[in-house]
Amino acid sequence: MAKILVMSAGHGGQAMAGDLAIRGHDVTLYEHPDFAATVDAINARGRVITLENKISGRGRLRLVTTDAAEALKGAAIVYFTAPSFAQKPFFDLALPYFEDGQIVVLSPGNYGTFALKRGLDALGKKVFVGELDNLPYVCTAKEPGLVDVKSVKRNITLATLPMRDYDHVNAAMKDAYVTTWKRGVNVLDTSMAGINMVLHCLPMLMNCGAIDNGKDFRFYSDGMPPLVCAAMEAFDKERLAVGAAFGLGLPDVGAVVRGMYGVSGDGLHAVIQNNTAYTAIPAPKTMKHRFLTEDVPFSLVPTIAFGDLAGVETPVMDATLALCSLVMGGDQRAVGQNLDAMGLGGKNLNDIDAML
């Protein structure tokens, strides 16, 4: 039995906390004080999280709190499950309370380990830092403490910063996580392997009229016909090219979906249509949605930045970023996870390779 802290009581955090508790672990769930109402609601249920659908059971947590010091005290492993835009608000509060020897794993990382590692090092904290390329669940919290788990992903990818810490983190996570994983090359591998920006950014733009008018449609099933999928595949080829410039043999988006969900199909359109985990997911009713507010500044921006650093041309990504910036009302390259924000400004490829 491991003493585990799950940071963020959103859909994925509740699912992970409940799943780990069902498996017999000592689990604390921490939420940012701005969302204390969720904590109060789960405490009112006796600290029990009920999972249904693909996972069925009730997990009782040891503690549900908005107090970072209380939450982190004595935790062996910390899983961070909040969206990327919440990384800074969470860690601004929590960093002083991390303890030497703890392990923190971002799920997903989306390039967040660079800034987190820099912050911990600045405080002299000897904490092991890792990231996964995905949140392990497709899920929805029907209400605080009740989560519909539609699917559990398989063979997600784990890396650490630096990679010499991998064996230690991997051993600690054995029997203390909720799905299978494989070893990544480094945290660039896990961040560039994340396919959410491929699945979300261009489809949001290409369905902008329907979304902005509040139309009801299924985001993946209806919003990704062959022409949209063809554009997504062109976008994805640029992601693969950026990865290749850093020595990464990233799988294409169709291969990732096939591997995670056990579906078949030739070409991205067929794979998406055959994935029952996507079938009923409704389209957003607004362009101010995390499919853009998370994936553009925290996945698309840094991927383009690393492409620029390596001299890789990314015209489809660049066009997507320009249009998303218009829709989102600001230059996302300037406010997103750029090289300066990651603490990598002025570094060259050799510097980054040494860090990894």
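Shown above is the structure to which this text applies.
The structure presented is a predicted model; accordingly, all values stated were derived computationally and were not measured.

> Which residues make up the pairing of strand 10 (residues 146-152), and what are the values?
Taking burial as the measure, the seven residues of strand 10 include five buried ones, the bulk of the element. Two strands pair when backbone bridges link them, and strand 3 (residues 48-53) and strand 10 are joined in this way by four bridges, in the parallel orientation. Residue pairing in the sheet places Thr50 in a bridge with Leu146 of strand 10. In this structure, strand 9 (residues 137-143) lies alongside strand 10, joined through six bridges in antiparallel fashion. The residue bridging Val138 from the neighbouring strand is Ser151, located in strand 10. Here strand 9 folds back onto strand 10, and the loop between the two strands holds two residues, one of which, Gly145, carries a positive phi near 95°.

> Can you explain the side chain of Thr81? Please cite residues and give values.
Within the element layout of this structure, Thr81 appears in the loop between strand 6 (77-80) and helix 4 (87-94). There is a polar contact of 3.5 Å between the side chain of Thr81 and the backbone oxygen of Ser8. For Thr81, the residues in contact, after removing those within four places along its chain, are Val6, Met7, Ser8, Gly12, Gly13, Met16, Ser107 and Leu135.

> Talk me through the layout of surface pockets; I want residue IDs and the actual numbers.
The volume enclosed by the largest pocket comes to roughly 1200 Å³. Along its surface, the largest pocket is lined by 48 residues, and His11, Leu135, Cys139, Arg290 and Phe291 are the ones closest to its centre. Only helix 1 (11-22), helix 4, strand 9, helix 8 (196-206), helix 11 (253-261) and helix 13 (290-293) provide two or more residues apiece to the lining of the largest pocket. With five residues, strand 9 is the largest single contributor of residues to the lining of the largest pocket. In terms of residue class, the lining of the largest pocket is made up of 26 nonpolar, 15 polar and seven charged. Within this model, the second largest pocket holds a volume of roughly 370 Å³.

> Describe the environment of Asp318, and please don't skip the residues or the numbers.
Assignment of secondary structure puts Asp318 in helix 15 (residues 315-328). On the basis of relative accessibility, which here comes to 29%, the residue Asp318 falls in the partly exposed class. Along the primary structure Asp318 and Ala241 are separated by 77 residues, whereas in three dimensions their C-alpha atoms are 14 Å apart. Apart from residues lying up to four places away in sequence, Asp318 is in contact with Ile304 and Arg333.

> Quick rundown of unusual backbone geometry? Include the residues and the values.
A cis amide bond links Ser107 with the next residue in sequence, Pro108, at an omega value of 0°. With respect to the secondary-structure elements, Pro108 resides in the loop between strand 7 (103-106) and helix 5 (112-122). Cis geometry marks the peptide bond from Leu161 to Pro162, where omega comes out at 0°. One non-glycine residue, Asn155, lies in the positive phi region at around 55°. Tracing the sequence through the fold places Asn155 in the loop between strand 10 and strand 11 (156-160). On the basis of relative accessible area, Asn155 is assigned to the partly exposed category, the value being 44%. Unusually for a residue other than glycine, Asp175 sits at a positive phi of about 65°. Position of Asp175 among the secondary structure elements: in the loop between helix 6 (166-173) and strand 12 (181-183). The exposed category is assigned to Asp175, whose relative accessible area is 65%.

Rules behind the numbers
- Residues numbered from 1 in each chain as written.
- Predicted model: local features only at pLDDT ≥ 70, side-chain atom pairs only at ≥ 80, totals over all residues.
- Heavy atoms only, no water.
- Buried < 20%, exposed > 50% of the residue type's maximum accessible area, 1.4 Å probe, protein only.
- Helix = DSSP H or I, 4+ residues; strand = E, 2+ residues; numbered from the N terminus.
- Pairing = 2+ DSSP bridges.
- Polar contact = N/O pair within 3.5 Å; in protein donor to acceptor, adjacent residues only side chain to side chain.
- Contact = heavy atoms within 4.5 Å.
- 1 Å grid on protein atoms, 1.4 Å probe; cavity = no way out; pocket = protein on both sides within 12 Å on 5 of 7 lines; lining within 4 Å.
- Points joined across faces, edges and corners; volume = space filled by probe spheres on them.
- Nonpolar A, V, L, I, M, F, W, Y, C, P; charged D, E, K, R; others polar.

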